[in-house]
Amino acid sequence: MCRLALKTANDPFSPYEVLEAMEAMKEGYDGSGLGLLLRGMEFEDFKYNPRFPILSGIAESKKAWKRLDRFMEDRGYELKYDHKFHTDRSHMDGKDRYRYFLRAYRMPEEFQGKPMGDKDKEDELMETRLALRQDGEKHGGDLSVFSFWPDVAMIKEVGWPLQVGNLLSLHDGQIKSRVCMAQGRQNTNYGINLYACHPFFVQGISTMTNGENTAFVPIRDWLLGQPFKGYMGYQSDSEVFTHILHYTLKQLNLPLQAYKHIITPLSLKELDAHPQGDFLKGLRNVCKRLIIDGPNAVIGTLPDETCLLVMDQKKLRPATVGGRQGAWAIASEMCGVDAMIPDRDPSLDFQPMREHTVIIPPARKELEIWSQYDQFPLSLAA
Amino acid sequence: MVPIRSVPIEPGSLTYHDLPWIIEHREDRCTLCGQCTSVCPKECLHLTYRRQRLPNLEVLSSKRGSEYRTFVGIRQRTDMVHSCIGCGMCAMVCPNEAISPVPNTVENRTLFLNNQKGEAYKRGGRRNTTGASLLDRIMFDRISMLTDPALDAGRHEFTLSTTIGRILSPEEYLKRIQQGGWIPPTREVFPFVIGSMSFGALSPNMWLGLLQGVAYCNEVLGIPVVMCTGEGGCPPWVLKSPYLKYIILQIASGYFGWDEIIRAIPDMQCDPAAIEIKYGQGAKPGDGGLLMWYKVSKLISRLRGVPEGVDLPSPPVHQTLYSIEESVMKMIQTLSMAFDHKVPVYPKISASTSAKSVLNNLVRNPYAGGLLIDGIDGGTGAAYNVSMDATGHPVASNVRECYLDLAAQGMQNEVPIYAAGGVGKNGNVAQNGMALIMLGASAVHIGKYIMQASAGCLGNEQNRCNVCNVGICPKGITSQNPKLYRRLDPDKVAERVAETFMAIQTDVKKIMAPLGRSQSLPVGMSDAIGINDKDAADRLQIKYVC
Ligand code: SF4
Ligand code: SF4
Ligand code: SF4
């Protein structure tokens, strides 16, 4: 079973805090991998402009590094900032990496005037990421790219969370963010591959999961058949959760609440009694291929810094959310929440049940707990 | 020596050990009650006078020679018309266990003579091949051991239903909701459907029993089972009853019974579950339907709107002025319209290397509600032996190919694929059905299995019984002769239908729980299955396991 931790706060904080929470939940994973996603970035040595997309990844050799440079330049990107981690290899026994990178770019001219949310712009960012990933795969995996998006950074490495944190000196306050989520992975049956580490990312949307998605293969087959190029990868069965969330929000343009209705719809009997039963029955029917299965807690964040937590239909996995105005935490174990936000009222912690979607809106004032039995917030469902 | 001319030997003469089934009769147990002879559907048993020599064994006397006694004995007839079919009814009724048929393991000479009067061999049943089928050999091998608390088939809730009818892409659905477009009708049903067996092929009691059983499954057990009529219409009292919603009405090239159905539309209390258009049948691809004259009783003639006692062949093709693609399209559209676009309409074809093209045509037809692919192991009430044994395509690879083809277009399950043909052939109905579902079928149809499980059909793949075509069904399942079908108690059939579906439901859960699946039917979950045959694994794109 994997361990998950997410913290979101108005004041940027160091990712190391989240890694310490992972340490508190140590029993549940085997150190086969750590994934980190940061959103709402702040760099100690650079005044970051959140318009600039950040490319996150690992170059295994100088050659790969050079190729990356050339590729970005040719594509019209102008490097604005190249974050250097203070790496300290003594913490790790894994193989040496040439370069962990977080690089902020100014977009090519034709995209500069376009606002975020513009489809061409978003597709360009994704296609650039995919092209680099492909390039790395073509060269024996010497280049990995995890995300390329404004205000988002990702780190993935094999090892224990604190080990990785120390390796990259994440405690030095160089990087901070308003949202940070981390997953300590227990190796399931797909081998250790950095792309298999949660969180998964596509066009600003990211999720991570503890559990196993037993309906993975049919869902993957369906997503692979869609014309959208970003639905690829699938080194992990949990990657489809991210893609379904993306599909719900970006392709179907449905509100976040629809996600739960798609991955774990209510039963037909329950929908008979639902105020928008007919619409939701139809939605369940057309999205049947995306119904997930198995024990899962899905934690995610959206481009506007909204954070969310949903459970599988049988609530076979634990997850707790807690916090106070301005700072909230979600973790697979209660002790994880304790470690991230000790100064809260724990009696107000919430453990969602099967019908709930916990939403932490960008303002971080209070939790929104939305139930599938509630009115669905969409006029066309009426 | 007896002069040879006095022994009746003709080219077609047979003796009892040339026959497929040899009757073993124990004179010492038989009380000559005559029950076996009267129950035998083939009239192959007859009473004859026999003479027995009783040698005198008085050693000390000088008297020699034998005495004779005359007695009445039971013998097997050896002509083709009366050759034993191994149904075993004689054994079933014999109060003294004095008689039983035994398969002839040496040689069956009737194979060379079953073309009497120039008629090629016809029979009921299905392909005569024995042994484990490909489906029997598929294993469910992806057990969730690492991260899952195991699901409990007895305690957890499972969603087992499947959809009949066209499924829109999510984008199209939302668009139509916004613009007020037509949403194709769908039904949520149990994924094991009672396949098409016509009122005509089946006796009235069998049909009634099935219908009662289906209604019980739906209304009492909460298992949404549906059944298909087969060609030949549906009794008017059913058409006008609330049970019609459990019925898939079939239309085939003979259009038998459709006058009655169309006339009943204004009086229908509910819509039928679906309409199945039969273009082909797995057991006899490229061949039409056939109801032989023996079975065209008064009731059947009225239902089908034909004279009594004539052969009722449906042509192999739908008589139409259009090309086949157009005909399929127009027929689907017409039938959809007849029911106000509120009933899913789907075609049934025999499994074939051309199934993929049919499917791709359906993808472009917005009214097509699925595709039923019927494999070579499907059953039938009447067909030529050569069609049954040698013509057709196995269902597994055909379904798999079609599913993968849809998946490549991101459209799997939009035109749901239903599979039929040999599901439960060796009794493993849930295992066979779930294997097909994991290969990509949205549901399976079962016919012969239901006849065997719910009515005790005696047929098997060693050509036991299989006389469904000539109206002498010894169990009264496929006969229109009241003397025979009275043997079948509809209530008992209904009971067995209910028992059968309860057990299938449990088995399905027992298959799904270890795979960690409970939220939806594992359609296309090909990572969960493996087979110990490398070639089959490659062809089906599943794991080879050994
Ligand atoms: S097995 Fe059937 S066909 Fe053969 S003798 Fe007995 S009753 Fe007649
Ligand atoms: S039923 Fe049995 S006892 Fe009666 S005649 Fe036949 S073999 Fe003899
Ligand atoms: S018992 Fe009836 S239905 Fe079964 S094989 Fe014999 S004739 Fe056919």
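Participant: Teacher, can you tell me more about the sheet that holds strand 3 (residues 53-59) of chain A here?
Facilitator: Across a sheet, strands are paired by hydrogen bonds formed along the backbone, either parallel or antiparallel in direction. Residue and element names in this part refer to chain A. Pairing in this open sheet of four strands is antiparallel, and the strands run 4-5-3-6 from one edge to the other. In the strand order of this sheet, the two ends are held by strand 4 (78-83) and strand 6 (143-150), each with one partner. The mean angle between the axes of side-by-side strands here comes to 25 degrees, regardless of whether they run parallel or antiparallel. For strand 3 and strand 6, the ladder comprises seven bridges, and the chain directions are antiparallel. Opposite S56, over in strand 6, you have S147 as the bridge partner. Helix-sheet contacts for helix 4 (residues 119-138) involve strand 3 and strand 6, and the interaxial angle to strand 6 is about 170 degrees.

Participant: Can you walk me through the domain arrangement of chain B in this structure?
Facilitator: Often the size quoted for an interface is simply the accessible area lost on bringing the parts together. Residues and elements named next belong to chain B. We note that the domain assignment places domain 1 (12-111) and domain 2 (185-495) within chain B. Between domain 1 and domain 2, the C-alpha centre-to-centre distance is 41 Å. Between domain 1 and domain 2, the residue contacts involve ten residues of the former and ten residues of the latter. Where domain 1 packs against domain 2, one counts zero salt bridges.

Participant: For this particular structure, what's the right way to read the pattern of salt bridges?
Facilitator: Pairs may arise between side chains of opposite charge once their charged atoms sit close together. The tally for this structure, following the rule as stated, stands at 51 salt bridges over all chains. Among the salt bridges present, the one from R103(A) reaches D69(A), with a minimum N-O distance of 2.8 Å. On the criterion of sequence distance, the pair formed by R103(A) in strand 5 (residues 99-106) and D69(A) in helix 2 (residues 62-74) is long-range, its members being 34 residues apart. On the basis of relative accessible area, R103(A) is assigned to the buried category, the value being 2%. For D69(A), a relative accessible area of 28% corresponds to the partly exposed category. Between E401(B) and R539(B) there is a salt bridge; the shortest N-O distance is 2.6 Å. Taken together, the residues span a long stretch of sequence, with E401(B) in helix 11 (residues 395-408) and R539(B) in helix 16 (residues 534-540) at a distance of 138 residues.

Participant: What should I look at first to understand helix 2 of chain A in this one?
Facilitator: All names here are of chain A. End to end, helix 2 covers 18 Å across 13 residues, agreeing with the expected 18 Å (1.5 Å per residue, within 8%). Buried residues of helix 2: A64, W65, R67, L68 and M72, and no others. With its buried residues spanning 160 degrees around the axis, helix 2 presents them on a single face. Exposed residues pointing more than 90 degrees away from the buried face of helix 2 are listed as K63, E73 and D74. Remark: G76 follows helix 2 within two positions and exhibits a positive phi of approximately 100 degrees.

Participant: Would you mind showing me how to read the domain arrangement of chain A here?
Facilitator: Residue and element names in this part refer to chain A. You can read the domains of chain A as domain 1 (3-40 + 173-381) and domain 2 (51-150). Each of domain 1 and domain 2 has a C-alpha centre, and the two are 25 Å apart. Counting residues at the interface gives 16 residues for domain 1, matched by 20 residues for domain 2. Summed over both sides, the interface of domain 1 with domain 2 buries roughly 1500 Å², with 62% coming from carbon and sulfur. Considering only the side of domain 1, the residues that lose the most area to domain 2 are Y195, F201 and Q203, jointly responsible for 41% of the buried surface there.

Participant: When you look at the pairing of strand 3 of chain A in this model, what are you seeing that I'm missing?
Facilitator: For a regular strand, side chains alternate in direction, first toward one face of the sheet and then toward the other. All names here are of chain A. Where burial is concerned, most of strand 3 is hidden: seven out of the seven residues are buried. Along strand 3, one buried face is formed by P53, L55, G57 and A59 and the opposite face, lined by I54, S56 and I58, is buried too. Summarising the sheet, strand 3 and strand 5 pair through six bridges and their orientation is antiparallel. Following the sheet pairing, G57 is matched in strand 5 by F101.

Participant: Hey, could you run me through the site of ligand 3 in this one?
Facilitator: Surrounding ligand 3, one finds M451(B), C457(B), L458(B), G459(B), C465(B), N466(B), V467(B), C468(B), C473(B), P474(B) and T478(B). Broken down by class, the residue content of the shell around ligand 3 amounts to eight nonpolar, three polar and no charged.

Participant: Just to check I follow, could you spell out the packing of aromatic side chains for this structure?
Facilitator: Residues and elements named next belong to chain A. Applying the stated rule across the entire model yields 21 aromatic pairs over all chains. Both rings, one in Y77 and one in Y105, keep their centres 6.0 Å apart while their planes meet at 75 degrees; by these two values the pair is edge-to-face. Separated by 28 residues along the polypeptide, Y77 in the loop between helix 2 and strand 4 and Y105 in strand 5 bring together distant segments of the chain. Taken together, a centroid distance of 6.1 Å and an interplanar angle of 90 degrees make the contact between Y105 and F148 edge-to-face. A residue pair is termed long-range when its members are at least 10 positions apart, and Y105 in strand 5 and F148 in strand 6 qualify at 43 residues. Note on F148: relative accessible area 1%, which makes it buried. Taken together, the aromatic side chains of F43, F46, Y48 and Y81 make up a single cluster linked through ring pairs.

Participant: How do you make sense of a negative patch on the surface when you look at a structure like this?
Facilitator: Residues and elements named next belong to chain A. On the surface, E42, E44, D45 and D172 cluster together into a negatively charged patch. Tracing the backbone through its elements, the reader meets D172 in the loop between helix 5 (161-167) and strand 8 (175-185). Looking at D172, the relative accessible area reads 31%, which means it is partly exposed.

Participant: What is the right way to read the packing of helix 6 (residues 216-224) of chain A against helix 7 (residues 239-251) of chain A from this model?
Facilitator: Helix packing for two helices is described by the angle between their axes and how far apart those axes are. Residues and elements named next belong to chain A. At a closest axis distance of 11 Å, the pairing of helix 6 and helix 7 adopts a crossing angle of 45 degrees. Judged on the interaxial angle alone, helix 7 and helix 6 are oblique. Helix 6 and helix 7 meet at a crossing whose hand is left-handed. When helix 6 is examined against helix 7, the residues F216, I219, R220, W222 and L223 are found in contact with a partner set consisting of V240, H243, I244 and Y247. Residues belonging to the contact of helix 6 with helix 7 are distributed by class as follows: seven nonpolar, one polar and one charged.

Participant: I tried to follow the side chain of S83(B) on my own but got confused; where do I start?
Facilitator: Residue and element names in this part refer to chain B. Among the secondary structure elements, S83 is positioned in the loop between strand 3 (66-76) and helix 2 (89-93). Taking relative accessible area as the criterion, S83 reaches 8% and is therefore assigned buried. Dropping the residues within four chain positions of it, S83 is found in contact with L19, K42, C44 and R77.

Participant: Just checking my understanding: could you explain the pairing of strand 12 (residues 307-311) of chain A for this structure?
Facilitator: Residues and elements named next belong to chain A. Burial runs high along strand 12: five of the five residues are buried. Burial along strand 12 is two-sided: the residues C307, L309 and M311 and L308 and V310 are all buried. With five bridges joining them, strand 11 (residues 296-301) and strand 12 adopt antiparallel strand pairing. Of the residues in strand 12, the one forming a bridge with I299 is L309. Counting the residues between successive antiparallel strands, the hairpin from strand 11 to strand 12 contains five residues, one of them, E305, with a positive phi of roughly 75 degrees. Taken together, the four bridges between strand 12 and strand 15 (residues 356-360) define a ladder with antiparallel strand orientation.

Participant: Hey, could you run me through the nonpolar core in this one?
Facilitator: Core analysis: the largest hydrophobic core is formed by 112 residues, its most contacted members being L210(B), L249(B), I373(B) and F501(B). Tallying contributions element by element places helix 12 (residues 429-439) of chain B first for this core, with eight residues. Excluding residues that lie within four positions of it along the chain, F501(B) makes contacts with F190(B), F192(B), I194(B), C217(B), I223(B), V225(B), I446(B) and I450(B). With 82 residues, the next largest nonpolar core counts M41(A), Y48(A), F146(A) and W149(A) among its residues.

Conventions adopted
Residues numbered from 1 in each chain as written. Chains lettered and ligands numbered in written order. Predicted model: local features only at pLDDT ≥ 70, side-chain atom pairs only at ≥ 80, totals over all residues. Heavy atoms only, no water. Pairing = 2+ DSSP bridges. Helix = DSSP H or I, 4+ residues; strand = E, 2+ residues; numbered from the N terminus. Axes fitted to C-alpha atoms, helices over the stretch in contact; angles between N-to-C directions. Contact = heavy atoms within 4.5 Å. Domains from an automatic or database assignment. Salt bridge = Lys/Arg side-chain N within 4 Å of Asp/Glu carboxyl O. Buried < 20%, exposed > 50% of the residue type's maximum accessible area, 1.4 Å probe, protein only. Expected span 1.5 Å × (residues − 1). Arc of directions from axis to C-beta. Buried area = accessible area lost by both parts, 1.4 Å probe. Near = heavy atom within 4 Å. Nonpolar A, V, L, I, M, F, W, Y, C, P; charged D, E, K, R; others polar. Phe/Tyr/Trp six-rings, centres within 6.5 Å; stacked < 30°, edge-to-face > 60°. Patch = residues over 30% accessible without salt bridge, like charges linked within 9 Å, V, L, I, M, F, W, Y side chains within 5 Å. Areas by Shrake-Rupley, 256 points an atom, 1.4 Å probe, with all protein chains shown as cover. Lys, Arg positive; Asp, Glu negative; His and termini not counted. Charge placed at Lys NZ, Arg CZ, Asp CG, Glu CD. Parallel < 35°, antiparallel > 145°, perpendicular 65-115°, else oblique. Left-handed = near helix turned anticlockwise from the far one by under 90°. Core = buried A, V, L, I, M, F, W, Y, C linked by side-chain atoms within 4.5 Å.

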